[in-house]
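As a plain string of letters, each chain reads:
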Amino acid sequence: MRALTPSAGDVDLAERYAYPPGGTWLRANMVASLDGAAQREERSGGLGNPADRHLFLLLRGLADVVIVGANTVRAEGYGPVVPSEGWDGVRDGRPPVPPLAIVSRTLDLDFDAPIFTAAKARTIVLATATADPARLEAARERADVIVAGTDSLDFAAAVGELAARGHRRLLCEGGPGVLAQVVAAGLLDELCLTLSPLLIGGHPTRILNGPPVPVPPELALTHALQDDDFLFLRYARSR
Ligand SMILES: NC(=O)c1ccc[n+]([C@@H]2O[C@H](COP(=O)([O-])OP(=O)(O)OC[C@H]3O[C@@H](n4cnc5c(N)ncnc54)[C@H](OP(=O)(O)O)[C@@H]3O)[C@@H](O)[C@H]2O)c1
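Residues numbered from 1 in each chain as written. Predicted model: local features only at pLDDT ≥ 70, side-chain atom pairs only at ≥ 80, totals over all residues. Heavy atoms only, no water.

- Going by what an unreviewed UniProt entry lists, the protein chain is known as Pyrimidine reductase family protein and is assigned to Actinomadura soli.
- Taken verbatim from the UniProt record of the protein chain, the Pathway (unreviewed entry) comment is "Cofactor biosynthesis; riboflavin biosynthesis." (UniProt positions renumbered as here; feature names shortened; annotations may be inferred.)

Here it is, written out as structure tokens:
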């Protein structure tokens, strides 16, 4: 065991969090309290700090597509992705923003909301074949729809289709329900975890909420950064 002595000076976050070159790479970005809570009062925002928010936005800037579960969209009141401070140069040669790709079975989404009508990059809906046909039609009017799986989204097929459309740098913002399935499907390459210096108690979900992962991936620590009492941990699958 050794001490991680914080060295003085700012780090270049865009360099630290650069996607590896070539191939498809799926990164998840989550925040948790010291006792493992992924929610505070039904949302994740209460767990973070300004540095976490900055990183959240930067990771969007580095990504080609942002995958997110419909519950998170509803709970956090997601709007469209907009260019942010710190994105200078990170999107050179790419569209100004990455699209959101929303995972939904019910398609209980407000297709008149800005997330669909004001998105600079057309929002993608990851849907299932047995989705309500009228809702599927409504989704197609306002979004690019990828159908993968019958009753349940086939995450591997959906990720494959996103990559085939040129979205090889994938970012998953959860929520825990979606992330558990991404991990169970063996699709996770990297976890960016913000450790928040709070003890929440109660029964909030952890960052994965699903059945036990059949083959738990072993991840290697790439770096640990610090801001105030927050830790920013980057773990990657060793290839
Ligand atoms: N700590 C963090 O970093 C963090 C990050 C994100 C979110 N959160 C928090 O987590 C909570 C939301 O997470 P959550 O786990 O409840 O929801 P979630 O993972 O965001 O979304 C779950 C939804 O995704 C769709 N879905 C999931 N699996 C599917 C499948 N196999 N096939 C088709 N659709 C599927 C369903 O949408 P439909 O219901 O539309 O069918 C389901 O209700 C919120 O409190 C949010 O604030 C925390």
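### What to know about the overall build of the protein chain
Now for step 1: Looking only at helices and strands, the protein chain features 7 helices and 9 strands.
Now for step 2: Taken against the 2.2 N^0.38 rule, which gives 18 Å for 239 residues, the C-alpha radius of gyration of the protein chain at 18 Å falls within 12% of a compact globule.
Now for step 3: Relative to all contacts within the protein chain whose residues are 6 or more apart in sequence, the contacts with residues 24 or more apart total 70%.
Now for step 4: One way to put it: in the protein chain the 23 positive side-chain charges average out to a point 4 Å from where the 29 negative ones average out. (Helix = DSSP H or I, 4+ residues; strand = E, 2+ residues; numbered from the N terminus. Rg over C-alpha atoms; globule rule 2.2 N^0.38 Å. Contact = heavy atoms within 4.5 Å. Lys, Arg positive; Asp, Glu negative; His and termini not counted. Charge placed at Lys NZ, Arg CZ, Asp CG, Glu CD.)

### Describing empty space enclosed by the protein
Now for step 1: Summed over all chains, the structure comprises 1 cavity of 30 Å³ or more.
Now for step 2: In this model, the largest cavity occupies a volume close to 40 Å³.
Now for step 3: The class makeup of the residues in the lining of the largest cavity is 9 nonpolar, 1 polar and 1 charged. (1 Å grid on protein atoms, 1.4 Å probe; cavity = no way out; pocket = protein on both sides within 12 Å on 5 of 7 lines; lining within 4 Å. Points joined across faces, edges and corners; volume = space filled by probe spheres on them. Nonpolar A, V, L, I, M, F, W, Y, C, P; charged D, E, K, R; others polar.)

### A look at the UniProt feature "domain: Bacterial bifunctional deaminase-reductase C-terminal" (unreviewed entry) in the protein chain
Now for step 1: UniProt records the feature "domain: Bacterial bifunctional deaminase-reductase C-terminal" (unreviewed entry) for residues 25-227 in the present numbering.
Now for step 2: Helix and strand shares over residues 25-227 are 26% and 23% respectively, and the end C-alpha atoms of the span are 26 Å apart.

### As for unusual backbone geometry
Now for step 1: With an omega of -5°, the peptide bond running from G174 to G175 counts as cis.
Now for step 2: Within the fold, G175 resides in the loop between β6 (169-172) and α7 (176-184).
Now for step 3: For L107, which is not glycine, the phi dihedral falls at a positive 60°.
Now for step 4: Within the secondary structure layout, L107 lies in the loop between β3 (100-103) and α4 (114-117).

### Let's talk about the sheet that holds strand β7 (residues 190-196)
Now for step 1: Read across the open sheet, the 9 strands follow the order β5-β4-β3-β2-β6-β1-β7-β9-β8; overall the sheet is mixed. Strands with a single pairing partner mark the edges of an open sheet, and in this sheet they are β5 (144-147) and β8 (219-227). Looking at each pair of strands side by side, their axes are set apart by 20° on average, direction ignored.
Now for step 2: Examined bridge by bridge, strand β2 (residues 65-69) and β3 share 4 bridges and lie parallel to one another. (Pairing = 2+ DSSP bridges. Axes fitted to C-alpha atoms, helices over the stretch in contact; angles between N-to-C directions.)

### What to know about the layout of surface pockets
Now for step 1: As a volume, the largest pocket reaches approximately 1,100 Å³.
Now for step 2: Forming the boundary of the largest pocket are 50 residues, of which N71, T72, E173, G174 and G175 lie nearest the centre.
Now for step 3: At the level of secondary structure, the elements contributing two or more residues to the lining of the largest pocket comprise β1 (25-33), α2 (50-62), α3 (70-76), β4 (124-127) and α7.
Now for step 4: Here the lining of the largest pocket gets 6 residues from one element, more than from any other, and that element is α3.

### Here's the deal with α7
Now for step 1: Those residues of α7 not exposed but buried are P176, V178, L179, A180, V182 and V183.
Now for step 2: Following α7 by one or two positions, G186 has its phi on the positive side, about 75°. (Buried < 20%, exposed > 50% of the residue type's maximum accessible area, 1.4 Å probe, protein only.)

### Some words on α2
Now for step 1: Taking 1.5 Å per residue, 13 residues should reach 18 Å; α2 reaches 18 Å between its end C-alpha atoms and fits that length.
Now for step 2: By the burial criterion, the buried members of α2 are D52, L55, F56, L57, L58, L59, R60, G61 and L62. (Expected span 1.5 Å × (residues − 1).)

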